Amino acid sequence: MAVRRRQRLGPGGGRALLAALLLLLLCVWCRAAAERVRYAIAEELGRGSLVGPLARDLGLSADELPARKLRLSEEKQYFTVNEENGNLYVNERLDREEMCGESATCSVSFEALVHNPLNIFHVEVFIEDVNDNSPAFSNAVLDLEIGELIPPGARFPLETAHDADVGSNSLLTYHLTINPSFSLAMKDSQDGSKLELVLEKALDREKESSFELLLTAVDAGDPARSGTVQIRVNVTDANDNAPVFAQDRYHVSLQEDTPPGSAVLNVSASDDDAGTNARITYSFGKMPKKVLQKFVVDAGSGSITLQEALDFEDTGVFSLAVEAKDGGGLVAHSKVEVEVLDVNDNAPEITLLSVSSPVPEDAPTGTVVALLKVRDRDSGENGQVSCELSGEAPLSIVASSGGSYKVVTSGALDREQASKHRVSVVARDRGRPALRSSRELVLEVSDVNDNAPVFEEAAYSAYVAENNAAGALVLRVQARDADAGANGRVSYWLAGGSAGAAGAAPLVSVEARSGALYAQRSLDYEQCREFTVAVRAQDGGSPARSSTATVRVFVLDRNDNAPRVLWPAPAAAAGEAAGGAAATPFEVVPRSAEAGYLVAKVVAVDADAGRNAWLSYELVQASEPALFRVGLHSGEVRTARAVGERDAAKQRLVAVVKDHGQPALSATATLHVVLAESLQEALPELSERPAGAEAAAAELQFYLVLALALLSALLVLSVALAVLARLRRAGPPAVLRCLGAQRFSLAGAAFPADFCEGTLPYSYNLCVPPPARAVPEAAWPPPPPVPILSAEELLGGDSCEKPSPDSGLVVGEQPAEPDSPQVCKA
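Residues numbered from 1 in each chain as written. Predicted model: local features only at pLDDT ≥ 70, side-chain atom pairs only at ≥ 80, totals over all residues. Heavy atoms only, no water.

Once that is clear, we can look at the overall build of the protein. When its secondary structure is counted, the protein shows 10 helices and 50 strands. In the protein, buried positions account for 37% of the 826 residues. Expressed as a percentage of contacts within the protein between residues at least 6 apart in sequence, the contacts between residues at least 24 apart total 67%. As displayed, the protein offers around 45,000 Å² of accessible surface, 53% of which is attributable to carbon and sulfur atoms. (Helix = DSSP H or I, 4+ residues; strand = E, 2+ residues; numbered from the N terminus. Buried < 20%, exposed > 50% of the residue type's maximum accessible area, 1.4 Å probe, protein only. Contact = heavy atoms within 4.5 Å. Areas by Shrake-Rupley, 256 points an atom, 1.4 Å probe, with all protein chains shown as cover.)

Structural data, given as structure tokens:
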């Protein structure tokens, strides 16, 4: 006998058809949801079995895989992804029944993460059932007691087999060994189909007191699997009334925080029989083990009590099968449905999937810096979660699909203001009271070269005294860069100056690291009083950033320049020292001049500045000190009194020009004054020899010239004597043929115009011979030689005279002719 179950709801077969329909709808929805990638595999696949080309379905090529870093985020690694080809493989054996129990559908959801840029994809793998479970009965033997008075057609509920598979693999067909007294029947109810043993004809205990039947359950899998149970029927005496429950179905609701030991419900059944046949005992029927651990029923009273704490997140509804059995063995069945009401007892769980830290400070607004997932195991409003960020940071949180959230930048990041951001991700549910949880998120900001060096001052001023040593420190500039590392390492360079980089750079140099400016050479205030140089500060970033500051260097004056006399000219004064009166400038003052008469003005300048250039004039030497005075600040030389007749005609004045430096420097100016009414009257005075101090200087000068001339004459005479002695021994050479009767120019000796008025310290009075003329051969022997004068005779006088006939002749020679030239005695 075969009976096919048509539906399965829970343990019934109707849910299989519904599961297949849901699976079909999920496949259609999978195509519409571009965010999700779905695969379907059979359970019990071995490790390493291919699930699907995950990288290709995510739009990633094999070349992108190393850079994108594809990985999975599931808590339990049922699957793994190959880093080389991006395929999804089974990581461990999958048992659908262990994972999903009796659920119509079974799937594993997880997230696939890719980087550069960071993104998240949701992957769902459906586990398809395989007919790997045989139908099983809870007991190997089923004992039934049937009274002999039970009329034919009576039905006795039988235990149904349980198949852990789903779908068609759980559709069971029952077969009973052929027996004319019994048959199988299926009864449909709201709880699903029930298997019943039908009594086909009346029993007679006296003829047959027991029966043994074999019930076989076969599923619809391929290949089909089966399970059996032995039914032992014991025929008893008449107990013709079975217990009857007050309700066929009971319903009760319990809060999940109901403490163990609390009463759940009282069930009651009645039996119209009497005696032992009416004594009813209560028990649970066939139920899962975890249900039997949660509840207990009192056999005598039918009171159901909670044994263990409830958890809505684990099981939301319990279905209890309660049996009432009388003393005659008749059993009644009732269903007690216990609904567990959710209580907000689970705080949200925050899982940090990925954090991109550090983040460059130039990251644009909206950059994803972290991915996280929030889950609340409660249901309804208790499981609805909202997330927010707590803390001061330019970050915001954006909800994504599947309970995922993205933390993105909501504004510009600035490492110089905050190099690290600490925020807390706070998740709250909508339960009452609301539960919350938080997770700290630390985000470091990496530096970008976005700040140029900034000088402490935009313009610097430095003061350096002139004549400084080369290499002296002028000024130290400093620039600060808010960046870090190489981006904040500042170097200094010269960028130009008031005369350009080529003009200003030789004056100073800058040390690249410290920013110290050093003088390249000694500065001169008189050449350069101030100059400007531009210093550029440049960081070590790429690209580098720089800024420029202007350094203005002022050169301070020192009294290093003596006053310079412009009038009277210093060159003229030097000429006067050499003895040349004609080159000496002079001033003519009439003898009728009164006191205060302006004689001349000493003009002097000083290249220094300030007090160092303030000049004062003072008369330090004068032929007549009381006759003249000089203005202290004007330099004007005026007569201090009226000129008298007894005053010397020639006056020599020496004025000192001093500056006000420390120490003071000075110069002298010599002024010659001639007291005469007119220039013609003053000329004879200029030709006279100087008297007084000037005469003493002229006398000293004369002796010096005399000594030098004497030494020169002795040297020339010695050389001449040596040459003549040698010529006399050798005889007259041919070269002396040029010496004829006319050995001197008829014009006489030639002398400079100022022969008797020599002014140079080393001047000589010369006698110049005439040009040589040809002498005929008949003129030999040559005429007498030139008269030889001694040095004393040459230097003995200061006028030109004719020599006496016998003054310089050699003994035995003829005297010179009357028209022979004069010999100059100096």
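What follows deals with the state of the cysteines. According to the stated counting rule, one finds 1 disulfide in the structure shown. The disulfide bridge from Cys100 ends at Cys106, spanning 1.8 Å between sulfur atoms. With the S-S dihedral at roughly 60°, the linkage between Cys100 and Cys106 falls on the right-handed side. (Disulfide = S-S within 2.5 Å.)

Turning our eyes to something else, we now look at the side chain of Asn612. Its place among the elements puts Asn612 in the loop between strand S45 (603-605) and strand S46 (616-622). Engagement of the side chain of Asn612 in a polar contact is seen with the side chain of Asp557, the distance being 2.9 Å. Beyond its immediate chain neighbours, meaning those up to four positions away, Asn612 contacts Asp557, Arg558, Asn559, Asp606, Asp659, Gly661 and Gln662. (Polar contact = N/O pair within 3.5 Å; in protein donor to acceptor, adjacent residues only side chain to side chain.)

Here Pro360 shows up in strand S26 (residues 359-360). A C-alpha to C-alpha distance of 8.7 Å links Pro360 and Glu444, two positions 84 residues apart in sequence. Every residue in contact with Pro360, bar those within four places of it in the chain, is listed here: Leu413, Val445, Ser446 and Val448.

Turning our attention to the nonpolar core. Phe295, Ile304 and Leu320 are the most contacted members of the largest nonpolar core, which totals 27 residues. Contributing elements (two or more residues each) for this core: strand S17 (249-255), strand S18 (263-266), strand S20 (281-284), strand S21 (295-297), strand S22 (303-306), strand S23 (317-325) and strand S24 (331-341). Examining the composition of this core, we find that 5 residues originate from one element, S23, more than from any other. For Phe295, the contacting residues outside a window of four places in its chain are Leu254, Val264, Phe284, Ile304, Thr305, Leu306, Gln307, Leu310, Phe318, Leu320 and Val338. (Core = buried A, V, L, I, M, F, W, Y, C linked by side-chain atoms within 4.5 Å.)

Here we come to the side chain of Asp429. As for its placement among the helices and strands, Asp429 is situated in strand S31 (residues 420-429). In this structure the side chain of Asp429 is engaged in a polar contact, spanning 3.3 Å, whose partner is the backbone nitrogen of Gly431. A polar contact is formed between the side chain of Asp429 and the backbone nitrogen of Leu435, at a distance of 2.8 Å. Not counting residues up to four positions away in its chain, the partners in contact with Asp429 are Asn344, Asn346, Pro348, Asp376, Asp378, Glu381, Asn382, Gln384, Val385, Ala434 and Leu435.

The next subject is the sheet that holds strand S6 (residues 88-90). Read across the open sheet, the 3 strands follow the order S3-S6-S5; overall the sheet is antiparallel. The strands lining the two open edges of the sheet, one partner per strand, are strand S3 (50-52) and strand S5 (79-81). Looking at each pair of strands side by side, their axes are set apart by 35° on average, direction ignored. Sheet analysis places S5 next to S6, joined by 3 bridges and oriented antiparallel. Counterpart to Val81 in the pairing with S6 is Leu88. (Pairing = 2+ DSSP bridges. Axes fitted to C-alpha atoms, helices over the stretch in contact; angles between N-to-C directions.)

Turning next to the sheet that holds S46. Strand order in the open sheet formed by 4 strands is S43-S50-S49-S46, and the pairing between neighbours is mixed. Strands with a single pairing partner mark the edges of an open sheet, and in this sheet they are strand S43 (586-589) and S46. Each neighbouring strand pair of the sheet contributes to a mean axis angle of 35°, computed without reference to strand direction. Of the pairings in the sheet, the one linking S43 to strand S50 (residues 666-675) comprises 4 bridges and is parallel in character. Counted as the bridge partner of Phe586 is His672 from S50.

This part is about a nonpolar patch on the surface. Together, Leu715, Val719, Val723, Leu724 and Leu727 make up a nonpolar patch on the protein surface, roughly 430 Å² of accessible area in all. Tracing the sequence through the fold places Val723 in helix H9 (residues 693-730). (Patch = residues over 30% accessible without salt bridge, like charges linked within 9 Å, V, L, I, M, F, W, Y side chains within 5 Å. Salt bridge = Lys/Arg side-chain N within 4 Å of Asp/Glu carboxyl O.)

Taken over all residues, the pLDDT of the protein has a mean of 78, while the share at 70 or more is 79%. In the predicted structure, residues 1-14 sits below a pLDDT of 50 and forms 43 contacts with residues beyond four places in sequence or in another chain. Note that pLDDT drops below 50 for residues 24-34; the model gives that stretch 7 contacts with residues more than four away or on any other chain. (pLDDT = per-residue confidence, 0-100.)

Our focus in this paragraph is the environment of Asp342. Among the secondary structure elements, Asp342 is positioned in the loop between S24 and strand S25 (349-355). With a relative accessible area of 17%, Asp342 lands in the buried category. As a C-alpha pair, Asp342 and Leu254 span 88 residues in sequence and 9.0 Å in three-dimensional space. Residue contacts for Asp342: discarding those within four places in its chain leaves Gln255, Glu256, Phe312, Glu313, Asp378, Ser379 and Asn382. Within the structure, Asp342 has its side chain in polar contact with the backbone nitrogen of Ser379 (distance 3.1 Å). Side chain to side chain, Asp342 and Asn382 meet in a polar contact 3.0 Å long.

For the rest of this paragraph, the subject is the pairing of strand S39 (residues 516-519). Bridge analysis of strand S35 (residues 473-476) against S39 gives 3 bridges, and the strand direction is antiparallel. Residue pairing across strands places Arg476 opposite Ala516, the latter belonging to S39. One ladder, built from 3 bridges, connects strand S38 (residues 508-510) with S39; its direction is antiparallel. Directly across from Val508, in S39, lies its bridge partner Ala519. Counting the residues between successive antiparallel strands, the hairpin from S38 to S39 contains 5 residues, one of them, Gly515, with a positive phi of roughly 80°.

A word on the packing of aromatic side chains. What the rule picks out here adds up to 9 aromatic pairs. Each member of the aromatic cluster is reached from another via a ring pair, and the members are Phe455, Tyr460 and Tyr492. (Phe/Tyr/Trp six-rings, centres within 6.5 Å; stacked < 30°, edge-to-face > 60°.)

Examined bridge by bridge, strand S9 (residues 141-147) and strand S15 (residues 226-236) share 7 bridges and lie parallel to one another. Among the inter-strand pairings, Ile146 is bridged to a residue of S15, identified as Val235. One ladder, built from 9 bridges, connects strand S14 (residues 210-219) with S15; its direction is antiparallel. By the bridge assignment, Val218 is partnered in S15 with Ser226. The antiparallel hairpin formed by S14 and S15 contains 6 residues in its connecting segment.

Right, let's talk about the pattern of salt bridges for a bit. One side chain can pair with another of opposite charge once the charged atoms of both are near each other. In the structure shown here, the tally under the stated rule is 15 salt bridges. In this structure, Arg93 and Glu44 form a salt bridge, with 2.7 Å as the shortest nitrogen-oxygen distance. In this pair, Arg93 sits in the loop between S6 and helix H4 (96-100) while Glu44 sits in the loop between strand S2 (36-42) and S3, placing the two residues 49 residues apart along the sequence. Judged by relative accessible area, Arg93 falls into the partly exposed class, the value being 48%. Residue classification places Glu44 among the partly exposed positions, given a relative accessible area of 30%. Residue Arg552 is joined to Glu530 by a salt bridge in which the shortest nitrogen-to-oxygen separation is 2.6 Å. One end of the pair, Arg552, is in strand S41 (residues 546-556); the other, Glu530, is in strand S40 (residues 530-539), and 22 residues separate them in sequence. What makes Glu530 partly exposed here is its relative accessible area of 36%. Taken together, the shared-partner salt bridges connect Arg415, Glu416 and Asp447 into one network.

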